[in-house]
Amino acid sequence: MEDKILAQKTIKETIKEEIIRCAQDPVYWMKKYYWIQHPLRGRMRFNLYLFQEKVLDLFQFNEYTIVNKSRQLGLSTLVSAYALWMMMFQKDKNVLVVATKQDTAKNLVTKVAFAYEHLPNWMKDFIGGTEFNNKLSIKLKNGSQIKAVSAATDSGRSEAVSLLVIDEAAYIDNIEIIFTAAQQTLATGGRCIVVSTPSGTGNWFYREYSKAEI
């Protein structure tokens, strides 16, 4: 009986230590627990490249990050992993994904949903599971949530946002109005990540990226 109690205590302590490490080190958590769907190799762990780790540092330590991306670099996956890590290990975080179309924004939420589904049960139990999980939004029982919306002039205006993700910003009409409206929701310390493939020069994304510090 004592051996059984001791074993249970050891398991609980091990889980607690692992949770603390994951909360402190998102790279460790992503490489060990974040599963992705590869178009050719199927389900696999997200083994970050060095450049992805450097971009992740930008996400963590800057209020505003803008990324001029190429396709197949895994940056959308990186954003989704960062969003879920934040939701898992910080309470009451509100992540809003804005894109040209709702289906585009939904793609990132789908990545988050797939990764959450494949987390170990003891990690899900740590945050108490989900309150709801559908194609456009996920809310965890620790109060954190992610929601996908299509680009509109009032996107992000009505709620406080911990992390605003603007996907394919170069292709969003009225992006200046959307971005300005969203600033009020970020005033309490929220972060903004803008990612896009380029679409010529002279647009808002081109101007903002040109002004950014590397």
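Quick note: structure is the one above.
No experiment lies behind these values; they were computed from the predicted model shown.

Quick notes on the rules
- Residues numbered from 1 in each chain as written.
- Predicted model: local features only at pLDDT ≥ 70, side-chain atom pairs only at ≥ 80, totals over all residues.
- Heavy atoms only, no water.
- Axes fitted to C-alpha atoms, helices over the stretch in contact; angles between N-to-C directions.
- Helix = DSSP H or I, 4+ residues; strand = E, 2+ residues; numbered from the N terminus.
- Parallel < 35°, antiparallel > 145°, perpendicular 65-115°, else oblique.
- Left-handed = near helix turned anticlockwise from the far one by under 90°.
- Contact = heavy atoms within 4.5 Å.
- Nonpolar A, V, L, I, M, F, W, Y, C, P; charged D, E, K, R; others polar.
- Pairing = 2+ DSSP bridges.

Q: Whenever I open this one, the packing of helix α3 (residues 50–61) against helix α4 (residues 75–89) confuses me. Can you help?
A: In a packed pair of helices, the relevant descriptors are the angle between the two axes and the axis-to-axis distance. Interhelical geometry of α3 versus α4 gives an angle of 45° and a closest axis separation of 11 Å. Taken together, the axes of α3 and α4 lie oblique to each other. With respect to the hand of their crossing, α3 and α4 are arranged in right-handed fashion. Across the interface between the two elements, Phe51, Gln52, Val55, Leu56, Phe59 and Gln60 from α3 touch Leu75, Leu78, Val79, Tyr82 and Trp85 from α4. Its residues assigned to classes, the contact of α3 with α4 comprises nine nonpolar, two polar and no charged.

Q: What should I look at first to understand the pairing of strand β6 (residues 137–140) in this one?
A: Here strand β5 (residues 130–133) runs beside β6; their pairing, made up of three bridges, is antiparallel. Across the sheet, residue Asn133 finds its bridge partner in β6, namely Ile138. Joining the antiparallel neighbours β5 and β6 is a turn of three residues. Adjacent in sequence and paired antiparallel, β6 and strand β7 (residues 145–150) are bridged by four residues, among which Gly143 carries a positive phi angle near 95°.

Q: What exactly am I supposed to notice about unusual backbone geometry here?
A: Only a minority of non-glycine residues have a phi that is not negative, and only a minority of peptide bonds are not trans. If you check the backbone angles, Asp92 has positive phi at about 60° while not being a glycine. As for its placement among the helices and strands, Asp92 is situated in the loop between α4 and β4 (94–99). One non-glycine residue with positive phi stands out, namely Asn174, at about 60°. Within the element layout of this structure, Asn174 appears in the loop between β8 (163–167) and α7 (175–183).

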